Amino acid sequence: VQDLVELASRGDRDAFAALASSSVDRLFAIARRILQDHDRAQDAVQSALLGAWRDLPSLRDPTRFQPWLNRLLVRACYAEAGKQRAFRVSVRVVSIEPATDDSTGWLADRDQIERAFRRLTVEQRAVVVLHFYVGLTLKEVSEVLTIPDGTARSRLHYALRILRAAIEADSRSWPSEGRQA
Amino acid sequence: MTHQDRFPELLTDWLESQPASAPDQLLESVLHDLQQAPQRGSWRVVLRRLPMFGQNAIRYYAVAGAVVLAVVIGLGFWAGQPPPAGPPPSATPVPAPTVTVAPIPDPTIQPTDTGQSMVWSIGGPDDYFRFFTPLTLELPRGWDVQYSSARMAGATPRTGFDAMLFLTTQVRPFEDPCARPLVAMNVGPAVDDLIDALAILPVEVSSVTDTVIDGYPAKQLTISEASGASACEDGSQLIWRWENGINHGVGPESVTRLWAVNIDGTRLVIVAVEEDASPQEKAQLQQIVDSIRLAPPASD
């Protein structure tokens, strides 16, 4: 990877294409989880990868390519999340996802989590995804997001508190929703 | 076991259960755009990120100074070396390298009696668009510049995004606005190149009218939400990608007006977007467009 990064930083498009090919699934998975939107995640990944190509000559340490790319991706996710505010458009998202077997009985829980997760700010989602899904430590998360350790810790704390509270509230609201249905 | 007890496990399971593979078209789209995307020179990127170089002029003076210093040091080092074996060097003087770097001025904002005046040069040295020197416009009281880069700036009222004005050189219409992922086209530099690409978008596009912006010929069209069969099947009405990578679309009550101005062969794009704008905001938007003053492009 380091060799490819060095070649790409000198303008080798084929080398960068190889880097993009090996990163695109991982980037999409992260963006998809942060944005909770199939199409926006694709736009974020595209923006991050093209930004990486443009700015790669500024990366001094090729071994830091992956964290740097993660940083560009999260910034692209922030930009995607902000679009709706700046450019309000009517987009009905159609995404096809694999059907989930509910034999384990946790589909309802998953719905609760999903509803609660959508209530988080995009900054809070980024911390949750990088920590719980990517598996970064909070120090690594703070480096990717270029925020102080304490801020990363604080965002995670509040995000989890919101998630827990929302799940609790959703659990309590189920019966009344059921009656309405 | 309660929800709270199982919370970390629920969260991790839920994150793991979501799709982890990118659609094939995504990589294809990235590789397609990669072929046309220039790579920035490292010195520009680094200097832009150094806070001490807040002013563009200072950046370039610093670069020029560094280059001169490097040349002086290099020549001094070369002069201090023992003469190489072999025939004596030619007496022909070696021309000193010259470095010409065009500055990219930031917009300047000055308060006026009625609001603010913005002076800006737009364009970039690394593409076929050249600088305008300068472009000025008057912002009414209560409006601020919202976006700013070498090729794109915008203005909105402080109260929100119901009315927006953008100045740029290029908007990149989507090859097929209904396809996913969206692929943005690089249209040619002429006014007609852009107008022709916009005219076929699957949304409501008005007929093109000839007009004049500060004495320069321009073409204007209006884009609004499509109705019926002309919209994409999924209901989306995204139409182009801005210079800053953000996608632009139309929606209910949204009207996008675009002027493509031919300034001695260089294209300026002015876009006014209204969505739930008040009559006052609409009037102010038009007032800003009318206030635009343009100078000829700087000669190279």
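The structure displayed is predicted, hence computed values, not measured ones.

1. Things to note about the packing of aromatic side chains
So, step 1. As enumerated under the stated definition, the model contains 3 aromatic pairs over all chains in all.
So, step 2. Summarising the aromatic geometry, the rings of Phe117(A) and Trp14(B) are spaced 4.9 Å apart at their centres and angled 55° between planes, so their arrangement reads as tilted. Residue Phe117(A) is located in helix H5 (residues 107-117), and its partner Trp14(B) is located in helix H1 (residues 7-17); the two belong to separate chains. For the residue pair Phe117(A) and Trp14(B), the accessibility class agrees, reading buried in each case.
So, step 3. Seen from the ring of Tyr133(A), Arg33(A) lies directly overhead, with NZ or CZ sitting 4.0 Å from the centre.

2. Structural notes on helix H6 (residues 122-133) of chain A
So, step 1. For H6(A), with 12 residues, the first-to-last C-alpha span of 15 Å sits near the 16 Å given by 1.5 Å per residue.
So, step 2. Buried residues dominate H6(A), accounting for 9 of its 12 residues.

3. Notes on the confidence of the model for chain B
Residue and element names in this part refer to chain B.
So, step 1. For chain B, the average pLDDT comes to 72, and 65% of its residues sit at 70 or higher.
So, step 2. Element-level mean pLDDT values for chain B span from 36 in helix H3 (residues 42-49) up to 95 in strand S9 (residues 209-213).
So, step 3. Below a pLDDT of 50 lies the segment residues 42-65, which in the model reaches 35 contacts outside its immediate sequence neighbourhood of four places, other chains included.
So, step 4. When the criterion is pLDDT under 50, residues 80-103 qualifies, and its contacts beyond four places in sequence or with other chains add up to 9 contacts.
So, step 5. The ipTM for the predicted assembly is 0.76, set against a pTM of 0.47.

4. A closer look at the sheet that holds strand S7 (residues 172-173) of chain B
All names here are of chain B.
So, step 1. Sheet architecture is open: 3 strands sit in the order S7-S11-S12, paired in antiparallel fashion. Only two strands of the sheet have a single partner each, and these edge strands are S7 and strand S12 (247-249).
So, step 2. Pairing of strand S11 (residues 238-241) with S12, which is carried by 3 bridges, proceeds in the antiparallel orientation. Of the residues in S12, the one forming a bridge with Trp240 is His248.

Procedures and definitions
Residues numbered from 1 in each chain as written. Chains lettered and ligands numbered in written order. Predicted model: local features only at pLDDT ≥ 70, side-chain atom pairs only at ≥ 80, totals over all residues. Heavy atoms only, no water. Phe/Tyr/Trp six-rings, centres within 6.5 Å; stacked < 30°, edge-to-face > 60°. Helix = DSSP H or I, 4+ residues; strand = E, 2+ residues; numbered from the N terminus. Buried < 20%, exposed > 50% of the residue type's maximum accessible area, 1.4 Å probe, protein only. Lys NZ or Arg CZ within 6 Å of the ring centre and 35° of its normal. Expected span 1.5 Å × (residues − 1). pLDDT = per-residue confidence, 0-100. Contact = heavy atoms within 4.5 Å. Pairing = 2+ DSSP bridges.

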